[in-house]
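# Summary of structural features
So the chains spell out like this:
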Amino acid sequence: MELNEIVSTYNRELRALKESMSLRFQDSLKGVFKEVFERHPNITKLTWTQYTPYFNDGEPCVFSVNDMTVFDDTVDEDDDEGLYLGWGEGQKRYPDLLAISRSLEAADDLLLEMFGDHCRVTITPKGIDVEEYEHE
């Protein structure tokens, strides 16, 4: 019986910790993005996708958070594409956002807990929107 109690306690405490950290992270995230929109009033939205691949060439399929994309009114880019922070102009133009994007990629467990799997997260000055994301 002791093993069952340990497992039950572990699961209960782990769930409580995940919920608590998720709420703290979400509050911090809102503050960080509020500052981003104040510093960059030309940015209309930021997005990223997060999902577990369905296939990975025989390697384990592991959930991950992908690089952020920036939508900026002052940049002549296709409205549907934005500036990807993974390479090129996006990295050069927004080093502060690249650092945030890298932090988000390292927080994959928290973001999975907050927003779920197979989704696109969109941050605007008005808030956070999460929608289902089709990939591969």
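To keep things clear, this report deals only with the structure shown in the data block. (Residues numbered from 1 in each chain as written. Predicted model: local features only at pLDDT ≥ 70, side-chain atom pairs only at ≥ 80, totals over all residues. Heavy atoms only, no water.)

With that settled, consider a nonpolar patch on the surface. Judged by side-chain polarity, Tyr-10, Leu-14, Leu-17 and Met-21 come together as a nonpolar surface patch covering roughly 370 Å² of accessible area. Along the chain, Leu-17 falls in helix α1 (residues 2-39). (Patch = residues over 30% accessible without salt bridge, like charges linked within 9 Å, V, L, I, M, F, W, Y side chains within 5 Å. Areas by Shrake-Rupley, 256 points an atom, 1.4 Å probe, with all protein chains shown as cover. Salt bridge = Lys/Arg side-chain N within 4 Å of Asp/Glu carboxyl O. Helix = DSSP H or I, 4+ residues; strand = E, 2+ residues; numbered from the N terminus.)

This brings us to the pattern of salt bridges. Inspection of the entire model under this criterion finds seven salt bridges. In this structure, the salt-bridge partner of Lys-34 is Glu-38, at a minimum N-O distance of 3.2 Å. Pair noted here: Lys-34 and Glu-38 are both in helix α1, with a separation of four residues, about one helical turn. There is no split in this pair, since Lys-34 and Glu-38 are both exposed. For the salt bridge of Asp-96 with Arg-39, the shortest nitrogen-to-oxygen distance reads 3.0 Å. With Asp-96 in helix α3 (residues 95-106) and Arg-39 in helix α1, the pair connects residues that are 57 residues apart, well separated along the chain. (Buried < 20%, exposed > 50% of the residue type's maximum accessible area, 1.4 Å probe, protein only.)

Overall, the coordinates contain four aromatic pairs when judged by the stated rule. Relative to Trp-48, the ring of Phe-33 has its centre 6.3 Å away and its plane inclined at 25°; by these criteria the two rings are stacked. With a gap of 15 residues between them, Phe-33 in helix α1 and Trp-48 in strand β1 (residues 43-51) connect regions that are remote in the sequence. Classification of Phe-33 by relative accessible area gives buried; the value is 3%. Judged by centre distance (4.4 Å) and plane angle (65°), the rings of Tyr-84 and Trp-87 are edge-to-face. The structure contains a cluster of three or more aromatic residues connected by ring pairs, namely Phe-33, Trp-48 and Phe-115. Positioned above the aromatic ring of Phe-71 is the side chain of Lys-45, whose terminal nitrogen or guanidinium carbon lies 4.6 Å from the ring centre. (Phe/Tyr/Trp six-rings, centres within 6.5 Å; stacked < 30°, edge-to-face > 60°. Lys NZ or Arg CZ within 6 Å of the ring centre and 35° of its normal.)

Before going further, it helps to spend a moment on the state of the cysteines. The full count for this structure, using the stated rule, is zero disulfides. Cys-61 forms no disulfide, and the closest cysteine sulfur to it belongs to Cys-119, at a distance of 17 Å. Cys-61 sits in the partly exposed class, given a relative accessible area of 35%. (Disulfide = S-S within 2.5 Å.)

Mapped onto the fold, Asp-72 is located in strand β3 (residues 69-72). By relative accessible area, Asp-72 is classed as buried at 9%. Among the polar contacts made by the side chain of Asp-72, one reaches the side chain of Thr-74 at a distance of 2.7 Å. Residues in contact with Asp-72, not counting those within four places in the same chain, are Asn-42, Ile-43, Arg-93 and Tyr-94. (Polar contact = N/O pair within 3.5 Å; in protein donor to acceptor, adjacent residues only side chain to side chain. Contact = heavy atoms within 4.5 Å.)

As far as function goes, none of this settles anything; it's purely spatial.
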